[in-house]
Amino acid sequence: KTYEEPKNNQNNTISMLSNYPKEIAEIIFSSSKDLPNNAQLSIALIKNGKTNYYGMIKVNDTLKPAENQNKIFEIGSITKVFTSTVLPSLVVDQKLKLTNPINTYYPFNFKNNTQITFKSLANHTSGLPRLPENFDLSNDINPYQNYGKKEIEAYLKNLLQLENPPLKISDYSNLGAGLLGYTLGLSQNTSFQKLLQTKIFDKYNMTSSFTSAQNLGSQLVKGLDENGKTVSNWDFDVLFGGGGILSTTEDLTKFANAQFNPNNTELALTRKPTFDVDQQMKIGLGWHILKSDNGKDLYWHNGGTGGYSSSMAINVEQKIAVIILSNVADINEDVDDLCFELINKAN
């Protein structure tokens, strides 16, 4: 249920965010006034070498500021950017090539001898469907939990069917990103989660980023459905690379700032356009590449799980970034609009 807050309440609420710049407070209020109680937004804005954090929590129908940049949220499909960053880190280390087929790392032939490259999984041009045919869609509480090694191997051997001709169309695939992460782990004789820890989290000092919601205690913000009901966290098995990371805006700020350092060659590789999706969007490795209001390239991805919505946009040329994490499901449109409004105003 949504409502239009009376004007005096609106002014009172904005005044409660008075420790934020007035324009920022008004934008946050406009985007969050209809959120359910216990909803949180955790926002980071990077500009001119400085990061400002803007946190908000809704309590008793009132928006209040919150210092939640160290609180942990599921980041959903923003995980795909990290999965697609592990890939070029291995390329830079000369462990594999973007154009290598993943088939090499499986002891069986894929159905119809289908060849799939690492690059095509990272830029969604593999032709694979959004989810595998043997995925249990009835479990919306924890949908990825029981999709493991047995299921992915059965899919690749017996069920694999491309929806689009390879390398001709970029069609977003959770399966493709999950398969990418899983295969990267196989290629290095380890789990993808361990690879992610060493190649990304450790390298960029992301000490509050995790691959499981277990044992995170009070630092974890509980996820809500769009009506404000508390929901379970999602657990991932072989498709982890499609959406399994939990993190904080403070940690994601470290990853964003790392994009501004030209010495991080694996990050530069992820931002190199690999496919023109349409006139408005290109895709790199993981990143969607859009244009800001002033014509600069924006590297963007969003995410959503059963209890969280998120958005992240980076302008590398001007060293500006916006990161938004929320603990409410199915509000991606609002979170994306807020993300773009903030980064365009920061230009």
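Just so you know, the residues in each chain are numbered from 1, in the order the chain's sequence is written. The predicted nature of this model means local features are confined to residues of pLDDT at least 70 and side-chain atom pairs, given and counted, to a pLDDT of 80 or more, with totals for whole chains, interfaces and linings taken over all residues. Calculated side-chain values reflect all of the structure's heavy atoms, with hydrogen atoms and water omitted.

1. Quick word on the packing of helix α2 (residues 22–32) against helix α10 (residues 332–346)
Simply put, an axis is a line fit to the C-alpha atoms, just over the touching stretch for a helix, and the angle between two N-to-C directions goes from 0 to 180 degrees. A helix here means a DSSP run of H or I that spans at least four residues, while a strand means a run of E at least two residues long, and both kinds are numbered starting from the N terminus. Between α2 and α10, the least distance of the axes is 10 Å, while the angle of their chain directions is 165°. As the angle between them shows, α2 and α10 are arranged roughly antiparallel. Once α2 is placed against α10, the crossing between them reads as right-handed. Only L338, E341, L342 and K345 of α10 make contact with α2, whose side of the interface consists of E23, I24, I27 and S31. Residue composition of the contact of α2 with α10, by class: four nonpolar, one polar and three charged. When an angle is under 35 degrees it counts as roughly parallel; over 145 it counts as roughly antiparallel; between 65 and 115 it counts as roughly perpendicular; any other value is oblique. Put simply, a crossing is left-handed when the front helix is turned counterclockwise from the back one by less than a right angle, and right-handed when it is turned clockwise. The contact definition used throughout considers only heavy atoms, calling two residues in contact when any of these lie within 4.5 Å. Polar here means any residue outside two lists: the nonpolar Ala, Val, Leu, Ile, Met, Phe, Trp, Tyr, Cys and Pro, and the charged Asp, Glu, Lys and Arg; Gly therefore counts as polar.

2. Side note on the pairing of strand β2 (residues 50–59)
Two strands are counted as paired when DSSP detects at least two bridges linking them. Direction of pairing for strand β1 (residues 40–47) relative to β2: antiparallel, over a ladder of eight bridges. Looking at the pairing, I43 lines up with Y54 of β2. Connecting β1 to the antiparallel partner β2 that follows it, the hairpin turn spans two residues, and N48 within it adopts a positive phi of roughly 55°. With four bridges joining them, β2 and strand β3 (residues 62–65) adopt antiparallel strand pairing. Bridge pairing in β3 places M56 opposite P65. Linking β2 back to β3 in an antiparallel pair, the connection comprises two residues, with N60 at a positive phi of about 50°.

3. What about the pairing of β1?
We call a residue buried when its accessible area falls under 20% of the maximum for its residue type, exposed when it is over 50%, and partly exposed in between, using a 1.4 Å probe and counting protein chains only. The buried count for β1 comes to seven of eight residues, which makes it a mostly enclosed element. Note that β1 and strand β11 (residues 320–326) share six bridges and pair antiparallel. Each residue of the ladder has a partner; that of A44, found in β11, is I323.

4. Some details on the confidence of the model for the chain
Predicted coordinates in regions of low pLDDT should not be interpreted in detail. Here the chain shows a mean pLDDT of 93. Residues at 70 or above account for 95%. Confidence scores labelled pLDDT are given residue by residue by the predictor and lie between 0 and 100. Of the regions scoring below 50 in pLDDT, residues 1–8 engages in ten contacts with residues more than four places distant in sequence or in other chains.

5. Let's talk about the pattern of salt bridges
One speaks of a salt bridge when a side-chain nitrogen belonging to Lys or Arg is within 4 Å of a carboxyl oxygen belonging to Asp or Glu. Throughout the structure, instances matching the rule amount to nine salt bridges. E26 serves as the salt-bridge partner of K22, at 2.4 Å between the closest nitrogen and oxygen. Here the residue K22 and the residue E26 both occupy positions in helix α2, the gap between them amounting to four residues, near one helical turn. Exposure remark for E26: the relative accessible area of 33% places this residue in the partly exposed category. E153 is the partner of K149 in a salt bridge, and the nearest nitrogen-oxygen pair spans 3.1 Å.

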